[in-house]
Each structure stands twice: as structure tokens, then as C-alpha cells.
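Structural features, examined
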Amino acid sequence: MDLNIGVLLGEKSIKLKNPLVLSSGILDTNGKILAKIGRDAGAVTTKSLGMKKREGHKNPVVAFYEHGMLNSMGLPNPGAKNFIDEIKYAKQHTDAKIIASIFGRDEEEYGRVAEIISEARPDIIEANVSCPNVKFKKMFGANIESVKKIVKEIKKKTKIPLIVKLSPNTANLKEIAEEVEKAGGDGISAINTVGPGMLINAEAGKPVLSTYFGGVSGPAVKPIALRCVYEIYESVSIPIIGIGGVLNGKDAIEMMMAGASLVGIGSGVHYRGENIFKKVLNEMEKFMKENGYENVEEIIGIAHKK
Amino acid sequence: MKNDEIKMLEIKEIKKEAEGIRSFFFSKSIEATPGQYIMLWVPEVGEKPFSVSYSNSNLFGITVKKIGPFTSKLFEIKRGEKLGVRGPYGKGFKIKGEKVAVVGGGIGMAPLGFLGERMKNKKIFSFIGARTEKEMIFEKRMKRIGKVTIATDDGSAGKKGFITEELENFLEENKIDNIYACGPAPMLKRIAEIGEERAIETQISLERKIKCGVGICGNCLIGDFRVCKDGPIISGKKALQIGAFK
């Protein structure tokens, strides 16, 4: 059974030991934890890093319900500059690929943050254009012109392959994906959290999250993620990291069938523990064995009409 | 998962434990082990972790020191009102040894009364430290289950000085299998060092700013150790190894 996978990002062919990726926002706040998760995962993504340190929102920043969870962390991070050594540490201590997630308060700032973080030599940069919890001038991820500009600004400043993380919360997903590709983006990750949504505690008669609204993740969002990945795969030919509600091997396989080359896991760490990556890999292998797949790359996109 | 959804629980009783320290009791709806904590939600105010400090057949409780805006708000809440609870979370103390020392500093006594009451057929020596007599809690509670030694910063009760010094004096004359501790970081560091110096197994309760409580957001990490999920209870040896006191 072969779980090794190669993705072509621009001119760079990147080989991963398996298709699983730790998504941004989960257990990614220092080099040691990234290296630990990287023992099992094929790649690990850092917390989204900005120009300056941010504290993030007040508690409660997470809220749970029967079918999933909401978060409104508020992009807490130490600032890109202060994370360079963490990435360097992770690179030295794991064979997993390192993806640096970045954000900016405006389009130009994405370029500046990309430049700073390039000093740490991450394997890939992921532009988070889709955090639903922080209000900058606009929600870049839903704006075609902004996304184009962000890709161009980053590309001006770095040669490291660029993936753009898209929001499901738009009617223009296909167009945005196409523009990412046209503007020179090397890959797409989708989806960021859904919504935002809201939980109200009936007995308290009050919203649970301190910010009232938060991005929805977990099992509830899997069908939305599958549809988004499926649509993006139809629209572009650059590789996709499929993210959203992946808890087990079958979920991961389905995400690949929809068109993902790599599969992100985030909230799944809550549902199945820190060792979810190992569990999912075992389940994927078992599925492949039972269904006659030799190589995990065979699965990518097979849900599409030929 | 079921324990992660906030339950609104009625406050059945409020007990003044000491100056600025109160216990809040709820009807028992969670099963915690000593050292575990709950996330307490005060709607529109915030959410913070508190060690479970009491647990019997029909009630559980937390013991809170008034230190800031959140706890001030909490102290305005009356019996009969409701608060939000999720959890219990984290790893609790592992109960072992025959002769044990339980060491608490100030509000750090919160999980230790509950721990002491869960230890069956053990010889328990409690060491309670506080700034002054007025802020000391659980003296009577600990006397019911064993011998108690006290130290205060101002000498208003027990010896004047650090409780860790009292523990060390005690260890000169007595052999102990395990030490359990909760309190301020410098005290915990000293306990961990005493454990190393004298080859006694120690378990301490770490404190960090906890956000998610379920081990995913990475806010409370010390290296790759998640205080909220892998802790808050950790062996003193490991705490020193991971640099918990730096």
C-alpha cells in the first residue's frame, strides 16, 4: 500500500510521506508541537501569522453542539517575525512538510508577511484569505479582485509555492478559484470554517461565544467541504488541499475522490485525539486494501465524470 | 461530545471559605477526578477554568478567589441562579503511595481537599501555605483526614515562612512515598526540585491561560505539552524537563 504522494506546486514537485495535513488553527502555535504532529502527518500548517502580535478574542472562543463546533479565536499569533525560529525548529525535527499560514490586514500586507516568513524557508505558504472571525476592511476571500491582488503581492515577494485558503462562504467559489490559478497561485486549500454561525444557550438566553458569531467546523461541514472541493476541481488544474469535517479514513478518501490531492484535518483532533493522523492513515490503508487501490494517488478525483 | 456542550447548573449553595474565597456548589452532574477542572461560563462575562474542589454523592463544587473582573462578577451571583459548566477536563492526580504529603499554597488548596478525601487508607500529611491566616482554606477539612502543618507569609498562623520549608523539615525526619501539590509557580518549582533531590515522586498542578479546554487551540502549550488536556496534573520531573517554570 503506497500512501506517498507528490504534488506539483508551480515548478516545484513536493513529495509527502502521506496526504494528511494538519490544518491551520489547531495545535500549531510552536515548533515543538508542529514537529510532534509531523511524526504522523504528511504536512503541518502553522497558526495564521500576521505582521504584528495579536492576542485574539476573549473566552468563550469555542462552543460545541451535537454536530460540530464553532470557534472565534480571532487570529491570535506572535507575529510572523517571532515565529521564524519555530518554523526552523519544526523543519529540523520532522520529515513532514511545513506550511506557513499567513494573513494581512490589507492586500499589500500579505506580501510583506510572506517576505518575512520566507526567511524560515517553509515548504509552502498558505494565504488565509478567509478567516470569518476578524473584520478587516473587507472579507478578502469573497472578493475576486482582492484575492487576485493578494496572490500577486505574495508572488512578487517570494518564490516559495503559494496555496490560497478559500472560504465556502461565497457564491463565487469557482470564479475565485479560477482567478487564484490565473494570478499564479500554485494550489488551493478549501474550506475554511463555514458561516459564521451562532450558538445560543437556551437556558441562559444568551449567545455562547464572546464574539457571538464563529466559524463552524467538525462533522457538520463535511458535505459542504466535499461540494466545494468538487467544484474547485472542476474549475482549476492546480492541486487542492481538501479540508472540512474529516474525522476518519473514509472521510479522507471521499475528500480525495472529490478532487483533493491532500487532506486537511483540524477539528478532528478534538474528536479523535492528537493521534488522529495515525488512526486515519490506518483506516485509509484498510479501505484501500479492501477496495483494490494500490496507490493513494489513484483515488484523486474519481468521483468526477470522465 | 456530550461534556463539551455547556450545561446551565443552578447554584445550590455558596460557602465563604476565607477572606475573598468562596465555594460554589452545584447538583452533581459531572464525574470528576481530583485535579480535573471545569470551564465555568458566566453569560456575557466570560469563561474560565476552575479545579473541582468538592465532589460527593449529590453535589460538586469549585472554590474561587476573587482576583479580577470575572471573579468579581461571579461573587455577585446568588444562590438559585445558574452558571454554565462544561467538562470535566484534563488529567487528574494519580493516587498512589501509602504515606503521602499534600502541599497547597493559597487558593492552590482548591483541588487538594477533594484529593485528600478520595485517598483511602493512606497516611496523609497536609501542608497549607497562605499569605495570612485570613486567606487560608481547608484547615479543618485536611485535619479530618490527617496531620496538618501550616505556614503563612506574615506568621499570623503556623510558622512564618514558606510552606516548602516546613515540608523539607518534615522530610528530614520522615519518609514519604508521594507528594501532591498545587499553588503558585515558585512553590511548585521548589516541590519538583525537592522531589528530584530526595527521589520522591511528585505530582503538581500547572496553571496556564486556558482557552479551548479540549487540547486543540494551542494557547496553553508548554513545548508540545497541552496543559489543558495532557495536564493540568504533571509529574514534577516532567514539569522541570519541559521547562514549565521558565
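Residues numbered from 1 in each chain as written. Chains lettered and ligands numbered in written order. Predicted model: local features only at pLDDT ≥ 70, side-chain atom pairs only at ≥ 80, totals over all residues. Heavy atoms only, no water.

Some details on the overall build of chain A
The condition that has to hold: Runs of E in the DSSP output that reach at least two residues are strands. Runs of H or I that reach at least four are helices, and both are numbered from the N terminus. For this measure, only C-alpha atoms enter the radius of gyration; the expected value for a globule follows 2.2 Å times N^0.38, where N is the number of residues. Using a 1.4 Å probe on the protein chains alone, a residue whose accessible area is under 20% of its type maximum counts as buried, one over 50% counts as exposed, and one in between counts as partly exposed. Contact criterion: two residues are considered in contact whenever any of their non-hydrogen atoms come within 4.5 Å of each other. All accessibility values rest on the Shrake-Rupley procedure with a 1.4 Å probe; residue burial counts only the protein chains present in the view.
In terms of regular secondary structure, chain A is built from nine helices and 16 strands. Scaling as 2.2 N^0.38, a compact globule of 306 residues should have a C-alpha radius of gyration of about 19 Å, and chain A matches this with 18 Å. If one aligns the C-alpha atoms of chain A with their principal axes, the spans along those axes are about 50 × 50 × 40 Å. Across the 306 residues in chain A, those meeting the buried criterion constitute 61%. Looking at chain A alone, contacts between residues at least 24 apart form 70% of all its contacts between residues at least 6 apart. Total accessible area on chain A is roughly 12,100 Å²; 49% of this is exposed by carbon and sulfur atoms.

Quick notes on the pairing of strand β6 (residues 68-71) of chain A
Residue and element names in this part refer to chain A. Let me state the cut-off plainly: Between any two strands, at least two bridges found by DSSP are needed for them to pair.
By the alternation rule, side chains of β6 split into Gly 68 and Leu 70 and Met 69 and Asn 71, which are all buried. Across four bridges, the pairing between strand β5 (residues 62-65) and β6 is antiparallel. Within β6, the residue paired with Ala 63 across the bridge is Leu 70. Between β5 and β6, which follow one another and run antiparallel, lie two residues.

Notes on the environment of Met 142 of chain B
All names here are of chain B. By secondary structure assignment, the location of Met 142 is in helix α3 (residues 139-143). Among the residues examined, Met 142 registers a relative accessible area of 0% and is labelled buried. Considered as a pair, Met 142 and Ser 126 are 16 residues apart in the sequence and their alpha carbons are 6.5 Å apart. With residues near it in sequence (within four places) discarded, Met 142 still touches Val 102, Met 109, Leu 112, Gly 113, Ser 126, Ile 128 and Val 148.

Details of the sheet that holds strand β4 (residues 43-45) of chain A
Residues and elements named next belong to chain A. Defined as follows: Interaxial angles span 0 to 180 degrees and are taken between N-to-C directions of axes, which are lines fitted to C-alpha atoms, for helices over the stretch in contact.
Spatially, the eight strands close up into a barrel ordered β3-β4-β7-β8-β9-β10-β15-β16, and their pairing is parallel. Strand-to-strand, the axes of this sheet are offset by a mean angle of 25°, without reference to chain direction. Inspection of the sheet shows strand β9 (residues 162-166) paired to strand β10 (residues 187-190) by four bridges, in the parallel sense. The residue bridging Leu 166 from the neighbouring strand is Ala 190, located in β10. This element, helix α5 (residues 173-183), spans β9 and β10 of the sheet and lies at about 170° to β9.

Quick look at the environment of Ser 130 of chain A
Residues and elements named next belong to chain A. To keep it simple, the criterion reads: Each polar contact in these results corresponds to two N or O atoms within 3.5 Å; when the atoms are within protein, one needs to be able to donate a hydrogen and the other to accept it, and residues that are neighboring in sequence are counted only if both atoms are side-chain atoms.
Turning to its location among the elements, Ser 130 is positioned in the loop between β8 (124-128) and α4 (144-157). Residue classification places Ser 130 among the buried positions, given a relative accessible area of 0%. For the pair Ser 130 and Asn 30, spaced 100 residues apart in the sequence, the C-alpha separation amounts to 22 Å. A polar contact is formed between the side chain of Ser 130 and the side chain of Asn 192, at a distance of 2.9 Å.

Let's talk about unusual backbone geometry
Residue and element names in this part refer to chain A. Residues Asn 59 and Pro 60 are joined by a peptide bond in cis, for which omega reads -5°. Turning to its location among the elements, Pro 60 is positioned in the loop between β4 and β5. Between Gly 195 and the following residue, Pro 196, the backbone shows a cis peptide bond with an omega angle of 0°. As for its position among the elements, Pro 196 is in strand β11 (residues 194-198). Phi is positive for Tyr 212, close to 70°, though the residue is something other than glycine. Examined against the element boundaries, Tyr 212 turns out to sit in the loop between β13 (206-207) and β14 (213-217).

Looking at the interface of chain B and chain A
Let me state the cut-off plainly: Buried area, as used here, totals the accessible surface that two parts lose on assembly, with accessibility defined by a 1.4 Å probe and the loss added over both. Take a side-chain nitrogen of Lys or Arg and a carboxyl oxygen of Asp or Glu: if they are within 4 Å of each other, that pair is a salt bridge. All amino acids are sorted into three groups, where Ala, Val, Leu, Ile, Met, Phe, Trp, Tyr, Cys and Pro are nonpolar, Asp, Glu, Lys and Arg are charged, and the leftover types, Gly among them, are polar.
Taken together, the contact between chain B and chain A spans 26 residues of the former and 34 residues of the latter. Counting the surface lost from both chain B and chain A, the interface buries some 2,600 Å², and carbon and sulfur atoms represent 57% of this. Across the contact surface, chain B and chain A share three salt bridges. Between Lys 82 of chain B and Glu 203 of chain A there is a salt bridge whose closest N-O contact spans 3.3 Å. At the boundary of chain B with chain A, the tally comes to 13 residue pairs in polar contact (both at pLDDT 80 or more). Contributing elements (two or more residues each) for the side of chain B that touches chain A: β3 (37-42), β4 (46-55) and β6 (82-89) of chain B. The residue inventory of the side of chain B that touches chain A, partitioned by class, reads 13 nonpolar, four polar and nine charged.

Quick word on the sheet that holds strand β7 (residues 99-105) of chain B
All names here are of chain B. Taken in spatial order, the seven strands make up an open sheet running β10-β9-β8-β7-β11-β12-β15, and their pairing is mixed. Only two strands of the sheet have a single partner each, and these edge strands are β10 (159-160) and β15 (233-235). Here helix α2 (residues 110-118) sits on the sheet in contact with β7, β8 (123-130) and β11 (178-182), set at roughly 160° to β7.

As for the confidence of the model for chain B
Test applied: As a per-residue quantity, pLDDT reports the predictor's confidence and falls between 0 and 100.
Summarising the model, chain B shows a mean pLDDT of 96, and 100% of its residues fall at 70 or more. Predicted as a complex, the structure gets a pTM of 0.95 and an ipTM equal to 0.93.

A closer look at a nonpolar patch on the surface
All names here are of chain A. The following threshold applies: Like charges within 9 Å and nonpolar side chains (Val, Leu, Ile, Met, Phe, Trp, Tyr) within 5 Å are joined into patches, using only residues over 30% in relative accessible area that form no salt bridge.
A cluster of nonpolar side chains, contributed by Met 198, Ile 200, Tyr 212 and Phe 213, occupies part of the molecular surface with about 400 Å² of accessible area. Its location among the elements puts Ile 200 in strand β12 (residues 200-201). On the basis of relative accessible area, Ile 200 is assigned to the exposed category, the value being 56%.

What to know about the packing of aromatic side chains
All names here are of chain B. Heads up, the condition is: When the centres of two rings from Phe, Tyr and Trp lie within 6.5 Å, Trp using its six-membered ring, the rings pair. Their planes under 30 degrees apart give stacked, over 60 give edge-to-face, and anything left gives tilted.
The final tally for this structure, using the stated rule, is 10 aromatic pairs over all chains. Their ring planes at 50° and their centres at 4.8 Å tell us that Phe 25 and Tyr 54 sit as a pair that is tilted. Of this pair, Phe 25 sits in strand β2 (residues 21-27) while Tyr 54 sits in strand β4, and the two are 29 residues apart along the sequence. For the pair shown, Phe 25 and Tyr 54 are each scored as buried. Between Phe 127 and Phe 170 the ring centres are 5.4 Å apart and the planes differ by 65°, which places this aromatic pair in the edge-to-face class.

A short note on the side chain of Ser 53 of chain B
Residues and elements named next belong to chain B. By the element assignment, Ser 53 lies in strand β4. With a relative accessible area of 0%, Ser 53 lands in the buried category. Within the structure, the side chain of Ser 53 is placed 2.6 Å from the side chain of Thr 63, a separation counted as a polar contact. Not counting the four nearest positions on each side in its chain, Ser 53 is found in contact with Gly 61, Ile 62, Thr 63, Ala 110, Phe 114, Phe 138 and Arg 141.

Quick notes on the domain arrangement of chain B
All names here are of chain B. Note the cut-off: Each domain span listed reflects an automatic or database assignment of domains.
Domain assignment breaks chain B into domain 1 (7-89) and domain 2 (99-241). Just the C-alpha atoms count here: the centres of domain 1 and domain 2 sit 21 Å apart. Tallying the contact residues gives 24 residues for domain 1 and 21 residues for domain 2. Interface of domain 1 and domain 2: buried area, both sides summed, is about 1,800 Å²; carbon and sulfur atoms make up 63% of it. A per-residue breakdown of the area domain 1 buries against domain 2 is headed by Pro 34, Tyr 37 and Lys 65, which together make up 26% of the total. Inspection of the domain 1/domain 2 interface yields one salt bridge. Note that Glu 135 is salt-bridged to Lys 65, the shortest N-O span being 3.5 Å. Across the domain 1-domain 2 interface, the total number found is six residue pairs in polar contact (both at pLDDT 80 or more). Counting only elements with at least two residues in the side of domain 1 that touches domain 2, the list comes to β1 (7-18), β3, β4, β5 (59-65) and β6.

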